[in-house]
Protein chains: 2
Amino acid sequence: MEQGCCTIKTLTHIPKTHPRLESLLVRERLVKGFECGLVAVEGLLAEGRGEAFDYLLGEKTSRAARKATRVAAAQLLLAKRPVISVNGNTAALCAKDVVNLAKVANAGIEVNLFYANKKRKQNIALVLKKNGATQVLGTGKKMKQLPGIDSSRRMVDKDGIFSADVVVVSLEDGDRTLALKKSGKNVITFDLNPMSRTATSADITIVDNITRAISLLAEYCKKMSGNSTKSLEGIVNKFDNKKNLADSIIEIRKHLARRARIA
Amino acid sequence: MEQGCCTIKTLTHIPKTHPRLESLLVRERLVKGFECGLVAVEGLLAEGRGEAFDYLLGEKTSRAARKATRVAAAQLLLAKRPVISVNGNTAALCAKDVVNLAKVANAGIEVNLFYANKKRKQNIALVLKKNGATQVLGTGKKMKQLPGIDSSRRMVDKDGIFSADVVVVSLEDGDRTLALKKSGKNVITFDLNPMSRTATSADITIVDNITRAISLLAEYCKKMSGNSTKSLEGIVNKFDNKKNLADSIIEIRKHLARRARIA
């Protein structure tokens, strides 16, 4: 990996007043992440799809997303062995936030890639460590196979996803989410498409841009860390993911109605 | 450019029964086009955004898109100097269809890039020629500047876009569409986002995937080539682009309603 790459602070000169500044900065981080060997070429296409859905959500955290994030925090605090699964896009976009979330949720961090190659895995682990991670799972030799996954994602760390009770995934493929579910994991996901297979098969779906939602999730974890198990369980049990997904779809429809002036 | 690259026929082994086969094949063509120097890295993100909107449109040509395509054909047949502007994505996705459209519409083909470099321009021209183009504008020395454009897109061919009355653009940036309009051109565009600046500032917006719509446009051109000027003018004059864009947005809303089961 190119020296100094992916410690991305200042990038090109997009005016600070640009109405879509945040989105353009995120895009630049991804392209930079691609150039320095973190992101797969298909990850760029996936980011583009996410951008479109984010645009339709008005590029802000909806009420439904905030609700799901709070429930996800409760679930993480209840977990015995939570693991955050990290791919190239997540590492390029928010490595620091991943490390912070892992700390406040007392969770493991595991690199798990759809389009795997050893070099890219190492690059991702390096970026996570540069951002303060003490241990990065998924890069050693203690790997086990999860059934029901065709891609290289089936190989998971024995001490990580394999033994986890709660797994946080993002920018995910549907097959893997289903396989994690079938293996008895509780799945929390960040997915901007409320209709995707991942979104509809996860236990808790946060329909929000990970760059906004992950720090909010960490905040909720901190804030609720003193809550009783009973109170946390209450929050989780009351949650209806399907209903919440429908609310996100309604949010997009409202936005479109305003645009078509047929509200 | 790698020998034999971008004469893409068979790619990886996606099962023919896959519900999203077409979309996956298009994605592969783009990645392949990137690998062989046709597509810019930002073009992959743009394709991802298009994929999301296409997904929301049900990945099929809507009635509104069909209507706009017919009007675009009439406009092309009325044009004195029509030019089809081609960028990396368009060349990677449908070079053959571009050449065919140029033939039936008696239009010029010009390479015009946002993220320009000479090598990529040459690669695109080569792919167009391999697919039967006899002349590719925008690669010679007779270049003029169009006012109001910051990117390298401002440089246009004196015998091409500079003197054109009707310009067909696709996968476009809003600034350039506005600049073309200000220069007195009639702009036809393929844009999957009915709310984009390009979509809302063009004269005729075809809210459809270019891989489906471009051959339909050529068909209409052939079918209507015997129509009188008066009849063609009637078709163009009756068209309301804003109304048609609203119809496309309504189409997306309907699709979302079905998904949220609140129809």
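Residues numbered from 1 in each chain as written. Chains lettered and ligands numbered in written order. Predicted model: local features only at pLDDT ≥ 70, side-chain atom pairs only at ≥ 80, totals over all residues. Heavy atoms only, no water.

1. Looking at the interface of chain A and chain B
Okay, step 1: The interface of chain A with chain B comprises 28 residues on the first partner and 28 residues on the second.
Okay, step 2: Together chain A and chain B conceal approximately 2700 Å² of surface at their shared face, both sides included; 77% is due to carbon and sulfur atoms.
Okay, step 3: Together, A:L45, A:M195 and A:R253 form the three largest contributors to the area buried by chain A at its contact with chain B, with a combined 25%.
Okay, step 4: Residues A:E51 and B:R49 are paired through a salt bridge, measuring 2.7 Å at the closest nitrogen-oxygen approach.
Okay, step 5: Within the residue set of the side of chain A that touches chain B, elements represented by two or more residues are α1 (21-35), α2 (41-56) and α10 (241-260) of chain A.
Okay, step 6: Looking at the side of chain A that touches chain B element by element, the count peaks at twelve residues for α2(A).
Okay, step 7: Its residues assigned to classes, the side of chain A that touches chain B comprises 18 nonpolar, three polar and seven charged. (Contact = heavy atoms within 4.5 Å. Buried area = accessible area lost by both parts, 1.4 Å probe. Salt bridge = Lys/Arg side-chain N within 4 Å of Asp/Glu carboxyl O. Helix = DSSP H or I, 4+ residues; strand = E, 2+ residues; numbered from the N terminus. Nonpolar A, V, L, I, M, F, W, Y, C, P; charged D, E, K, R; others polar.)

2. Some details on the side chain of B:R120
Residues and elements named next belong to chain B.
Okay, step 1: Tracing the sequence through the fold places R120 in helix α5 (residues 118-130).
Okay, step 2: Here R120 sits buried without a salt bridge, and the closest side chain of opposite charge, E42, lies 6.9 Å off (N-O distance).
Okay, step 3: When residues no more than four places from it in sequence are discounted, the contact partners of R120 are G37, L38, V39, A40, G88, L113 and Y115. (Buried < 20%, exposed > 50% of the residue type's maximum accessible area, 1.4 Å probe, protein only. Lys, Arg positive; Asp, Glu negative; His and termini not counted.)

3. A short note on the packing of aromatic side chains
Okay, step 1: Evaluated as defined, the whole model comprises three aromatic pairs over all chains.
Okay, step 2: Between A:Y55 and B:F53 the ring centres are 6.1 Å apart and the planes differ by 75°, which places this aromatic pair in the edge-to-face class. Remark: B:F53 occurs in helix α2 (residues 41-56) and A:Y55 occurs in helix α2; the pair is interchain, linking two chains. Across the pair, B:F53 and A:Y55 agree in class, each one buried. (Phe/Tyr/Trp six-rings, centres within 6.5 Å; stacked < 30°, edge-to-face > 60°.)

4. Focus on helix α8 (residues 210-224) of chain B
Okay, step 1: Its 15 residues place the ends of α8(B) 20 Å apart at the C-alpha level, agreeing with the 21 Å of an ideal helix rising 1.5 Å per residue.
Okay, step 2: For α8(B), every residue scored as buried is listed here: B:I210, B:T211, B:A213, B:I214, B:L216, B:L217, B:A218, B:Y220, B:C221 and B:M224. (Expected span 1.5 Å × (residues − 1).)

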